[in-house]
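Fold and contact review
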Amino acid sequence: MTSQIEAQRVRRWQDEVARDPGSLSFLPLADVYRKEGRLAVALRLCVRGLERHPDHVEGHVLLGRIYRELGELEPACDELDIALRLDPEHRAARRALGYLFLERR
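Here the structure is a predicted model, which is why all the values come from computation and not from measurement. (Residues numbered from 1 in each chain as written. Predicted model: local features only at pLDDT ≥ 70, side-chain atom pairs only at ≥ 80, totals over all residues. Heavy atoms only, no water.)

**Focus: the nonpolar core**
Note the threshold: In this text, buried Ala, Val, Leu, Ile, Met, Phe, Trp, Tyr and Cys residues form a nonpolar core when linked through side-chain atoms within 4.5 Å. Type-normalised accessible area, obtained with a 1.4 Å probe on protein chains alone, sets the label of each residue: buried when under 20%, exposed when over 50%, and partly exposed for intermediate values. The way it works is that DSSP assigns letters per residue, a run of H or I at least four long becomes a helix, a run of E at least two long becomes a strand, and they are numbered from the N terminus. Contacts are residue-level and defined by heavy atoms, with any inter-residue pair within 4.5 Å sufficient.
If you look at the biggest cluster of nonpolar residues, it comprises 29 residues, and the most contacted ones within it are Leu 29, Leu 45, Cys 46 and Leu 80. Looking at this core, the elements with two or more residues in it are helix 1 (2-19), helix 2 (26-35), helix 3 (39-52), helix 4 (57-69), helix 5 (73-86) and helix 6 (91-104). Sequence-distant contacts of Cys 46, that is, excluding residues within four places in its chain, are made with Phe 26, Ala 30, Gly 59, Leu 62, Leu 63 and Ile 66.

Here is the structure:
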């Protein structure tokens, strides 16, 4: 049942992004793709979304996670730095950046 509900959400987000490339639905859709391991698709979608919403903190955090999962630690750090410049108290960005620093050692 949950997978059917999730599939409906994904279709709705896909439709919204297709209809309106400026839709904020890029964020949950890109996150679903990331969790499915479809990192290249998630990356493209997130980059396009951030082109339209450059101050979207959660978008930069998600893009940082995608880069990290791709093994691209430098761009991951850059995106998390942007997120923290936009919101210095953002806990998820701070935590993700901390993990990145540990990985880079």
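Picking up where we left off.
**Some words on the pattern of salt bridges**
When the charged atoms of two side chains with opposite charge come close together, those side chains can pair. Under the convention used in this document: The salt bridge criterion pairs a side-chain nitrogen of Lys or Arg with a carboxyl oxygen of Asp or Glu, the two atoms within 4 Å.
Counted by the stated rule, this structure contains seven salt bridges. Residues Lys 35 and Asp 31 are paired through a salt bridge, measuring 3.4 Å at the closest nitrogen-oxygen approach. Here Asp 31 and Lys 35 lie together in helix 2, a separation of four residues that amounts to about one turn. Assessed through its relative accessible area of 19%, Asp 31 is described here as buried. One salt bridge connects Arg 34 with Glu 69, and the closest N-O pair in it is separated by 2.5 Å. Linking Arg 34 in helix 2 with Glu 69 in helix 4, this pair joins segments that are 35 residues apart in sequence. Exposure remark for Arg 34: the relative accessible area of 14% places this residue in the buried category.

Any functional reading would require information beyond the geometric quantities listed.
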